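Structural characterization, general
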There are 2 protein chains.
Amino acid sequence: MMNRRVIVKERPQGIPLAEHFELDSAPLPALAEGQILIRNHYLSVDPAMRGWLADAQSYGARIEIGDVMRAFAVGEVIDSRNHAFAPGDRVMGLFGWQEHAVVDPGSVLLRISDHDFPMSLSLGVLGLNGVTAYFGLMDVCAPKAGETVVVSTAAGAVGSCVGQMARILGCRVVGIAGGPEKRRLCIDEFGYDEVLDYKHEADLEAAIARACPNGVDVYFDNTAGPISDAVIRHISVGARIAVCGTASISSWDPWPSGPRYERQLLVKRATVRGFIALDYVDRYPEGVAQLGRWIKEGRLHYREEILEGIEQAPAAISRLYSGENQGKLLIRLPASKG
Amino acid sequence: MMNRRVIVKERPQGIPLAEHFELDSAPLPALAEGQILIRNHYLSVDPAMRGWLADAQSYGARIEIGDVMRAFAVGEVIDSRNHAFAPGDRVMGLFGWQEHAVVDPGSVLLRISDHDFPMSLSLGVLGLNGVTAYFGLMDVCAPKAGETVVVSTAAGAVGSCVGQMARILGCRVVGIAGGPEKRRLCIDEFGYDEVLDYKHEADLEAAIARACPNGVDVYFDNTAGPISDAVIRHISVGARIAVCGTASISSWDPWPSGPRYERQLLVKRATVRGFIALDYVDRYPEGVAQLGRWIKEGRLHYREEILEGIEQAPAAISRLYSGENQGKLLIRLPASKG
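Our subject in this report is the structure included herewith. Quantities reported herein were computed from a predicted structural model and do not represent experimental measurements.

Now for the relation of the copies chain B and chain A. Turning chain B through 180 degrees and shifting it by 0.0 Å along the axis lays it on chain A, with an RMSD of 0.0 Å. On this basis, the relationship between the two copies can be described by a two-fold rotation axis. Taking C-alpha positions as the reference, the residue of chain B nearest the rotation axis is V272 of chain B, at 2.6 Å. Comparing contact sets, 100% of the residues at the interface of chain B also lie at the interface in chain A, consistent with an isologous, same-surface contact.

Set out below in C-alpha cells:
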C-alpha cells in the first residue's frame, strides 16, 4: 500500500512555511512484531512544531531533513501485531503528517474510550490542547475561587480552554487576544470577564492594571515577550505563572532580551514554572474524562478550523502565527484515500 | 534615658552611603501597656536595607526620611509591660539601628531559648541569614542527595549556609564567589566541591558547564544579573531556582534588561520562585533548632565581621557591595552605653 507523507525538505529559520516541506508517496513498511498500523483521520497543526524543527535546543528529539514531519494525529487501528491493540481501536499519538503510520505502541499517547465525541476533538479540547490547559491550570497554577486569572492567546485552542476552566472554578478571568474578532469570540463564546485586545490597547500595562484591580494571582502564559512583561508588572503576592508557550518570540537563537523580573518575583514571592503536557501522559485519562464531562454539561466550548487534505499541511503552521486562525487547526484526511 | 539612633537623612539613589544617615540622640518614650523595652546588643547590616530605602516598590513598608533606620537587632528585655516578656529575655527582631527600642511584641521575630551560643549568631547563622538559607533551600529548592546545587555569593552569610547544608544533604555543591580570598574561604572553611571565581573566570558559562557536567538541578540565586544568566543556561530538566536576592543589580528603576529565559524554563520544565524569609516566621524555631544542632556537631561553620559602635552603622551597608566584607556584618554596642 502506498502512503502519502509530508517530508521535511529544509530546516526553517523562524516560522516554518510551505517551502520547507514536500509531499511524497512511499510504500508502507510491513508490520514488525509488536507494531500497529494506523489510518490517520486527522492531523494536528501545532505551535510546538516550530520548536521541533528549530536548530536550537528544544524538548523532544530534533527532526532531521528527510524525515516525515512529526505531528500528533488521531486515527483508527487497521492492523495489529500487538495483543493490546485491535482493529477498530481509536488512538491519538505522534503518528506524523502522513495518511498511514506503522508505529510502536510507545507512540500512542491516548486511547479513546468515549466514542460520543467527534474523533477530531482528541487532537484539541479532548487531546493535547485540553490536557495542556487542564494540567497547566490545575497543577501548575492551582487557582482558587475569587482569584484573578490572566490568559494570553485567550481565544486559542489552549487559552480558551484555560479561560473557561478558570471561570468554572470561580475565578475572575481576563483574556488577552489580538483583534476585535478574537475579542468578540472570547466574550460571546468563552465567557471571559474581560478581554484586552493587545493590538488595539494604547497602553496594555495600564489596561491590565484596570482589568485586575486586585493584581494578577495566576498568569497562564502562551506568548512570552512584551505581553508577559506587562502582566508580570501587575502580579500579586504569591502569584503563580505557568509558562506554556512563547508564541510572540520568533527566534530563540540567540535568546532575545527583555526586562529582568527577578526582583518582582522576590518582592511578590511569585513562582514561574515551565511545563509541557507530555510530562503528564500518565494522568491524561483523568484530564480527558473531566474535560468530556464539562463539554457534555455545556460548560466548555471549543472551536475547530479544519482544512481538507494532506496537501494543506505544509502551509498550515504559518497560519498559527499570522493571527488568521480561530480554534484548533486540523487537517482532515478523506476516507476515500484510506 | 537618652537613646542614640541612626536616622535616615536622605533617600539614596542606589547603594546607601554614610551621607544618607545621621546619628542623633533622643529621649526614650515611656512604655505603653503591652510594650517592651529592649537594650540592643548587636545591630544587623543587611543587603535588604537597600530595597527598604529605595523609592521603588519593595517588601515591607517604605522607610521615610527622619525615621530610625529599620534594622534587625538582637538584645535583652530590660523592662516590660507585657506578661509574655520579662527582663532578661533575649529577643531578635526589627528593633532598628538604635541603642534601645520600645516596641510592640509584633516586632519580635525570634525568642532565643538556647543560651549556649553568642547572641550575635541570632542575627546571622541562627537568625535571618540561617532561616533564609534553611527555608530557601529546604522548602523552595528541595534538593535530593546526588543532585548538583549551585550557590551565588557562596561565601556570604546566606550563601555559605546554603552551600554547607546542601553538602550535609549529600549534594554536589558548586559555589560562585568573587576573588581568590572568598574562593579559598569557600573551599577551606565551607567545604564546597568546586568554587568559581566570577571575577577571574574568562568564560563563566563554560566554567559552570565544566563544574556541573550533569547540569544544575538547584540554583540558589543571591545575585541575579549576568551570573544568573550563565547558570540558567545550564539547568537540568526539573531544575528549581530560588530567587533570594539580587545583589548584582544596583538599580531596579527602571527594570534593567537581560536575556529572556522563558523558553529555557519551558524546555527544562524548570521553576523559578522568589521567597523572603519573613514569610516563614512561624517556622523559625524549627529552622533555628536544626541549624543549632549542625553547629554543635561541627558540620556548619560561619564567619562574622563585627564593627564596634553605632557610629560605624551608616557606612556599613556599602561594605556589602564593595566585596570587602567576609561573613555576617554586625555592629556591636558596648555594654557601657546601655
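There is more to say, and it comes next.
Next up on the list: the interface of chain B and chain A. Contacts between the two partners involve 39 residues from chain B and, on the opposite side, 39 residues from chain A. Carbon and sulfur atoms supply 58% of the area buried between chain B and chain A, which totals about 3800 Å² over both sides. When residues of chain B are sorted by the area they lose upon contact with chain A, W255, R260 and R263 of chain B head the list and together hold 24% of the total. Salt-bridge contacts for R260 of chain B lead to D229 of chain A; the nearest nitrogen and oxygen are separated by 2.7 Å. Where the side of chain B that touches chain A is concerned, the elements lending two or more residues are α6 (225–232), β13 (257–259), α7 (262–267) and β14 (271–274) of chain B.

Residues and elements named next belong to chain B. Relative to each other, helix α2 (residues 128–141) and helix α3 (residues 159–168) sit at 45 degrees, their axes nearing to 8 Å. Judged by the angle between their axes, α2 and α3 are oblique. Handedness of the α2/α3 crossing: right-handed. In contact with G130, A133, Y134, L137 and M138 of α2, α3 contributes C161, V162, M165 and A166.

What follows concerns unusual backbone geometry. The residue after D253 of chain A, namely P254 of chain A, is reached through a cis peptide bond having omega 0 degrees. Along the chain, the position of P254 of chain A falls in the loop between β12 (235–243) and β13 (257–259). Its identity is not glycine, yet A224 of chain B carries a phi of approximately 60 degrees, on the positive side. Among the structural elements, A224 of chain B can be located in the loop between β11 (216–221) and α6.

Strands in a sheet are paired, the pairing made by backbone hydrogen bonds, and the direction either parallel or antiparallel. Here we have 12 strands laid out as an open sheet, ordered β10(A)-β9(A)-β8(A)-β11(A)-β12(A)-β14(A)-β14(B)-β12(B)-β11(B)-β8(B)-β9(B)-β10(B), and mixed in their pairing. What marks the edges here is a single partner per strand, and that holds for β10 (194–197) of chain A together with β10 (194–197) of chain B. Sheet twist, expressed as the average angle between the axes of neighbouring strands with direction ignored, equals 15 degrees. Of the pairings in the sheet, the one linking strand β8 (residues 148–152) of chain B to β11 of chain B comprises three bridges and is parallel in character. Bridge pairing in β11 of chain B places V151 of chain B opposite F220 of chain B. Its contacts with the sheet place helix α3 (residues 157–168) of chain A against β8 (148–152), β9 (172–177) and β11 (216–221) of chain A, and it is angled at close to 170 degrees to β8 of chain A. Relative to the sheet, helix α4 (residues 180–188) of chain A contacts β9 and β10 of chain A, its axis offset from that of β10 of chain A by approximately 170 degrees.

Applying the stated criterion to the full structure yields zero disulfides over all chains. The structure places no disulfide on C141 of chain A, whose sulfur is separated from the nearest cysteine sulfur, that of C244 of chain A, by 9.4 Å.

Now for the environment of G287 of chain B. All names here are of chain B. Residue position: G287 is located in helix α8 (residues 284–296). When the C-alpha positions of G287 and Q326 are compared, they lie 23 Å apart, and in sequence the two are 39 residues distant. Contacts of G287, omitting those with residues within four sequence positions, involve Y134 and F135.

Rules behind the numbers
Residues numbered from 1 in each chain as written. Chains lettered and ligands numbered in written order. Predicted model: local features only at pLDDT ≥ 70, side-chain atom pairs only at ≥ 80, totals over all residues. Heavy atoms only, no water. Least-squares fit on C-alpha atoms with pLDDT ≥ 70 in both. Contact = heavy atoms within 4.5 Å. Buried area = accessible area lost by both parts, 1.4 Å probe. Salt bridge = Lys/Arg side-chain N within 4 Å of Asp/Glu carboxyl O. Helix = DSSP H or I, 4+ residues; strand = E, 2+ residues; numbered from the N terminus. Axes fitted to C-alpha atoms, helices over the stretch in contact; angles between N-to-C directions. Parallel < 35°, antiparallel > 145°, perpendicular 65-115°, else oblique. Left-handed = near helix turned anticlockwise from the far one by under 90°. Pairing = 2+ DSSP bridges. Disulfide = S-S within 2.5 Å.

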